[in-house]
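Each chain, written out:
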Amino acid sequence: MRAPFRSLAHLHRFYNCSSLSGSGSGSISGGVLSSVKNNVSLLCKASTTSDAASSFPIRGVRGTANAVASSFIFHNRYLRFNSTISSTAKDFEEQNTVEGSISIAEGNPYLAIEMALDSVVKIFTVSSSPNYFLPWQNKPQRETMGSGFLIHGKRILTNAHVVADHTFVLVRKHGCPVKYRADVLAIGHECDLAILEVKKEEFWEDMNFLELGDIPLLQEAVAVIGYPQGGDNISITKGVVSRVEPTQYVHGASQLMAIQIDAAINPGNSGGPALMGDKVVGVAFQNLSGAENIGYIIPVPVIKHFIDGVEDTGKYTGFCSLGVSCQPTENSQIRSHFQMAPEMTGVLVNRINPLSDAYSILRKDDIILAFDGVPIANDGTIPFRNRERITFDHLASMKKPNETALIRILRDGRECEFNIMLRPLQPLVPVHQFDKLPSYYIFAGLVFVPLTQPFLHEYGEDWYNTSPRRLCERALRELPQKSGEQFVILSQVLMDDINAGYERLAELQVRKINGVAVENLKHLCQLVENFDGESLRFDLDDERVIVLDYNMAKVATSKILKRHRIPAAKSVDLAD
């Protein structure tokens, strides 16, 4: 049985009458270096809450359809609880009229909130992340909670980090004691969004589907609904839009458009809708650590891009990139050097990803003047709405895979135009590895893995400073030269007589095996297993060398695996 929502809706209506008030510079990237210095995660944090942090005392609000069991005094833009008084819908309407806010006939905002309460669900996730230092086993499972809301097609939209590395997911409706099993249909870690489905039809009874709206203007009020820490019931907070611009998404380490609001977004709010009227204008997903009331929501263009890709292909398609790294041309001398006319504006191309289509078209030192006819300023920004500006790579990120963009450039003093196809691009060192098991290969106690940022994260929160400096620098800066390339390293040595003396060679890159350059971990596995000689040679970074007697090493491998209780010498993906 659903609890009465009328009083809570009235509370929001009354609260709505208040009018609370509430970019960095540097290299402009088209996606090549979107993960540079991922330690921004030390400044921001995604908002999921653990099961253990959910029992803070808070004054509740209870009531019937026409009464509120607490009174509210509205004074200097603050809402506080006072002695128990009865208040009717007419009282709320009169108060709103006095304060000059939208009348109840103009959109029925309190009814919109009541409908939203029949749309927002609490999500319970059991997850287990891999141990990248011991890639054949997982870390202990943990329980987290988040929020989500219903969209058309009997689906639930939430954050990717709410269900990342999930093993079991349950959802619960507002006012319902029953939890329902949910499956993850699609997940996009770059945009921090996921779609769930519940197969039991009874779950969908009396539920409302929320519609997507548009990007709100600055200073427009939004209401964030979800299940933050501090209690078990649903929570509604209000704030205003402070800023709209591309922002670092902590979970996926990507740079996409986000909306900054001054509403509190706490652990557990993640995945809940941000409403303006009866439309969803964003999904709550992270806040700024160390600052008060600075939260971020994922805007509708990013949400639609994710949903449209899933509907078109049946899976997450990713976000496109032009594949170039650029620098501003704000200095007059650099503009003069590259023969830019006084009226010209644009950015200088520094590096081009070899896997991008731009690699065969653009050149280093080209000046990109416009993207799809939109002029690019010397600081890399483009016009956005009313006197706002955002970086031009937002245009590339909103393209569908294999769509083209018209790029106007200045090369050697002449203007040229090219149509360049855009695609999602993968870095040499993956930024994240959610929902998949890490790859590994063990031979003679030597543990080989592809370098990933999650591997570096195992060195702790300050991984940027505590992980091996050379590996960290390469992870953030090097580009792949061909498709399928991996940065393979010797992660550790499981000690045995066969490898004694080689233990200090861990954390070095494996460059060659018997003179053949290593392309990726699967290639290394094939080179070792297809070898038919006596001595197997590994050439590592710093000109270091490992030599093993091949037949003795094969015998030692099985003994080492048994001693360390390792189920297999290689991961499942290498066995295919």
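Higher on the page you've got the structure.
Residues numbered from 1 in each chain as written. Predicted model: local features only at pLDDT ≥ 70, side-chain atom pairs only at ≥ 80, totals over all residues. Heavy atoms only, no water.

### Describing helix 11 (residues 521-529)
Here comes step 1: Buried residues of helix 11: Leu521, His523, Leu524, Cys525 and Val528, and no others.
Here comes step 2: Where helix 11 begins, the capping side chain belongs to Asn520, and its oxygen is found 3.3 Å from the backbone nitrogen of Lys522. (Buried < 20%, exposed > 50% of the residue type's maximum accessible area, 1.4 Å probe, protein only. Helix = DSSP H or I, 4+ residues; strand = E, 2+ residues; numbered from the N terminus. Polar contact = N/O pair within 3.5 Å; in protein donor to acceptor, adjacent residues only side chain to side chain.)

### A few points about the pattern of salt bridges
Here comes step 1: Taken as a whole and assessed by the stated rule, the structure comprises 24 salt bridges.
Here comes step 2: Between Arg155 and Glu311 there is a salt bridge, with its nearest N and O atoms 3.0 Å apart. Here the residue Arg155 occupies a position in strand 10 (residues 155-158), and Glu311 occupies one in helix 5 (residues 300-313), the gap between them amounting to 156 residues.
Here comes step 3: The partner of Asp232 in a salt bridge is Arg172, and the shortest N-O contact between them spans 3.2 Å. Within this pair, whereas Asp232 is found in the loop between strand 16 (221-226) and strand 17 (235-249), its partner Arg172 is found in strand 11 (residues 166-173), the two being separated by 60 residues in sequence.
Here comes step 4: The buried category is assigned to Arg172, whose relative accessible area is 13%. (Salt bridge = Lys/Arg side-chain N within 4 Å of Asp/Glu carboxyl O.)

### Things to note about the nonpolar core
Here comes step 1: By size, the foremost hydrophobic cluster in this structure holds 67 residues, and its most contacted members are Leu157, Ile261, Phe306, Leu322 and Ile368.
Here comes step 2: With 52 residues, the next largest nonpolar core counts Leu446, Val447, Cys525 and Leu574 among its residues. (Core = buried A, V, L, I, M, F, W, Y, C linked by side-chain atoms within 4.5 Å.)

### Some points on helix 5
Here comes step 1: Under the 1.5 Å per step criterion, the end-to-end length of helix 5 is 20 Å for 14 residues, consistent within 8% with the ideal 20 Å.
Here comes step 2: Restricting attention to buried positions, one finds in helix 5 the residues Val300, Val302, Ile303, His305, Phe306, Ile307, Gly309 and Val310.
Here comes step 3: With its phi angle positive at about 85 degrees, Gly314 sits one or two positions after the end of helix 5. (Expected span 1.5 Å × (residues − 1).)

### Considerations on the packing of aromatic side chains
Here comes step 1: This structure, assessed with the given rule, holds 14 aromatic pairs.
Here comes step 2: An angle of 90 degrees between the planes, with centres 4.9 Å apart, marks the rings of Phe203 and Trp204 as edge-to-face.
Here comes step 3: Here the aromatic cluster, defined as three or more aromatic residues joined through ring pairs, consists of Tyr180, Phe203, Trp204 and Phe209.
Here comes step 4: Taking the ring centre of Phe203 as reference, the NZ or CZ of Lys173 above it sits at 5.7 Å.
Here comes step 5: Here Arg469 stacks its cationic end above the ring of Tyr464, 5.1 Å away from the centre of that ring. (Phe/Tyr/Trp six-rings, centres within 6.5 Å; stacked < 30°, edge-to-face > 60°. Lys NZ or Arg CZ within 6 Å of the ring centre and 35° of its normal.)

### A look at empty space enclosed by the protein
Here comes step 1: Empty space within the largest cavity amounts to approximately 70 Å³.
Here comes step 2: For the largest cavity, the full set of lining residues is Tyr132, Pro135, Gln433, Pro438, Ser439, Val449, Pro450, Thr452 and Phe455. (1 Å grid on protein atoms, 1.4 Å probe; cavity = no way out; pocket = protein on both sides within 12 Å on 5 of 7 lines; lining within 4 Å. Points joined across faces, edges and corners; volume = space filled by probe spheres on them.)

### Points about the pairing of strand 10
Here comes step 1: On strand 10, burial covers both faces: Arg155 and Leu157 on one face and Ile156 and Thr158 on the other are all buried.
Here comes step 2: Pairing of strand 9 (residues 142-151) with strand 10 involves four bridges; the strand directions are antiparallel. Residue pairing for strand 10: Leu150 is matched across the bridge by Ile156. (Pairing = 2+ DSSP bridges.)

### Quick notes on the pairing of strand 16
Here comes step 1: Most of strand 16 is tucked away, with five of its six residues classed as buried.
Here comes step 2: Bridge analysis of strand 16 against strand 17 gives six bridges, and the strand direction is antiparallel. Residue pairing for strand 17: Ala223 is matched across the bridge by Lys238.
Here comes step 3: Relative to strand 19 (residues 273-276), strand 16 runs antiparallel, the two being bridged by two bridges. Bridge pairing links Ala223 to Leu275 in strand 19.

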